[in-house]
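Remarks on the overall topology
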Amino acid sequence: MPPVSPFLRTAASYAWRLLVVGAAVYAVFVVLGRFHEITVALFLGLVITALLGPPARILARWMPRSVAVAVSLVGSAVLLLGVLALVGEAVAGESGTLVREFRDGLGSIEQWLARPPFRLDPHALSDLQSKLGDYVSSHRSTLLNTAVTGAGQLVQVFTTLALAVFSSVFFLYGGDRQWVWFCEQLPEWTRRRVAIGGRAAWRTFNGYTHGIVLVAATNAVLVGVALYFLGVPLAVPLALLEFVAAFVPLIGSPVALAVAAVVALAAKGPLIAGIVVALIVVIGQIEGHLLHPLVMSWAVRLHPLVVAVSVVAGAIAAGVVGAVVAVPLVSVVWSVRCALRTPASGPP
């Protein structure tokens, strides 16, 4: 029997190790998927901790730690509810105008599509509206069941948010002590490396959270100001949509601005919609070539291709939640790897 070549022997040794690692990673994701509500709640708890940690530490200089944590949480909740109330008031105030502009805009779009080069049937949109109405009437029970299912999912969302806030209270109040206790439960020879990896992971996650919030806020301000001066209705809600969508890097902002372009097309016509589309390109360039390199380069050192692949893979694996979590997860894993590869992180 001829001897096995060294190349094949090396390839086989790496292959079975990769299979073991892949099986372990798959098992971890299966467990996280089975308890995804708890996973999402803990992730949101860490996000809240990263955002409210600095104000809680500042307030703790003049008041007890528990009071500082409570003031930070209550103050942020009041601010969030105020923003939502402002958005609701804007939607309620412009709803009548928006419906009228949408009706007039759809008529203008129908006339525009009927002219060259499209030459669309003038009654195509009207037929589409009637077909939608017939579909809603014939599938009323199915839609009602879908609404009931959505109500159940809404209860799960509120439960997840409650667990996230509950966990953030303990993270803010004694997260450092909890981490020390966790390290003390490990074998003595692994404590130092786990502590180094944990510090690197939290430093990266903390920097990513602050950076992405700053990038999202900047995008939302730019979009809101631009839509306001263009006269597009619902500028404040669309700016808030841009803020939320910016948490999905490279993909979220274009999707949110596409919604704004549709609103502009229906309410203001093709010219304003074209300007909004140009705004998508401009804000994408500002985000990709200015904000991300300046704000997040010190916390997230990933190639844009890696970011794009991570977002798509996360969306395929877990939908919107996966798209949001993918980039910070990959960033944390990479920072831990880099920290543990330095000579200072070796065993004493």
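For the structure, see preceding data.
Residues numbered from 1 in each chain as written. Predicted model: local features only at pLDDT ≥ 70, side-chain atom pairs only at ≥ 80, totals over all residues. Heavy atoms only, no water.

What follows deals with the overall build of the protein chain. Secondary structure summary: the protein chain contains 10 helices and zero strands in total. Helices and strands appear in the protein chain in the N-to-C order α-α-α-α-α-α-α-α-α-α. The burial tally for the protein chain puts 29% of its 348 residues in the buried class. If you sum the accessible surface of the protein chain, you get close to 22,000 Å²; carbon and sulfur atoms cover 74% of it. (Helix = DSSP H or I, 4+ residues; strand = E, 2+ residues; numbered from the N terminus. Buried < 20%, exposed > 50% of the residue type's maximum accessible area, 1.4 Å probe, protein only. Areas by Shrake-Rupley, 256 points an atom, 1.4 Å probe, with all protein chains shown as cover.)

On to the side chain of Asn 219. Counting through the fold element by element, Asn 219 comes out in helix α6 (residues 188-230). With residues near it in sequence (within four places) discarded, Asn 219 still touches Glu 242, Ala 246, Ser 253, Ile 283, Glu 287 and Leu 291. (Contact = heavy atoms within 4.5 Å.)

Moving on to the nonpolar core. Residues Leu 227, Val 232, Leu 238, Ala 264 and Val 276 are the most contacted members of the largest nonpolar core, which totals 17 residues. Elements with a contribution of two residues or more to this core: α6, α7 (235-245), α8 (252-268) and α9 (270-296). Beyond its immediate sequence surroundings of up to four residues, Leu 227 is in contact with Val 232, Ala 235, Leu 238, Ala 260 and Val 276. (Core = buried A, V, L, I, M, F, W, Y, C linked by side-chain atoms within 4.5 Å.)

A separate point is the packing of aromatic side chains. Per the counting criterion, the structure on display carries six aromatic pairs. Ring pairs connect the aromatic residues Phe 43, Trp 202 and Phe 205, which therefore count as one cluster. Its end group placed over the ring of Tyr 173, Arg 177 keeps NZ or CZ at 5.4 Å from the ring centre. (Phe/Tyr/Trp six-rings, centres within 6.5 Å; stacked < 30°, edge-to-face > 60°. Lys NZ or Arg CZ within 6 Å of the ring centre and 35° of its normal.)

A grouping of Val 31, Phe 35, Ile 38, Leu 42, Leu 163, Val 165, Phe 166, Val 169 and Phe 170 is seen on the molecular surface, where their side chains present a nonpolar patch of about 770 Å² in accessible area. Broken down by element, the nonpolar patch gets its largest block of residues, five residues, from helix α5 (residues 140-184). Mapped onto the elements of the fold, Leu 42 is located in helix α2 (residues 36-59). Using a relative accessible area of 38% as the deciding quantity, one classes Leu 42 as partly exposed. (Patch = residues over 30% accessible without salt bridge, like charges linked within 9 Å, V, L, I, M, F, W, Y side chains within 5 Å. Salt bridge = Lys/Arg side-chain N within 4 Å of Asp/Glu carboxyl O.)

Here we take up the packing of α7 against α8. The relative placement of two packed helices comes down to the angle between their axes together with the axis-to-axis distance. The contact between α7 and α8 brings their axes to 8 Å, and the two run at 160°. By the angle class used here, α7 and α8 are roughly antiparallel. Helix-helix and strand crossings are classified by hand; for α7 and α8 the assignment is right-handed. Contacts from Leu 238, Leu 241, Glu 242 and Ala 245 in α7 reach Gly 252, Ser 253, Ala 256, Leu 257, Val 259, Ala 260 and Val 263 in α8. Grouping the constituent residues of the contact of α7 with α8 by class yields eight nonpolar, two polar and one charged. (Axes fitted to C-alpha atoms, helices over the stretch in contact; angles between N-to-C directions. Parallel < 35°, antiparallel > 145°, perpendicular 65-115°, else oblique. Left-handed = near helix turned anticlockwise from the far one by under 90°. Nonpolar A, V, L, I, M, F, W, Y, C, P; charged D, E, K, R; others polar.)

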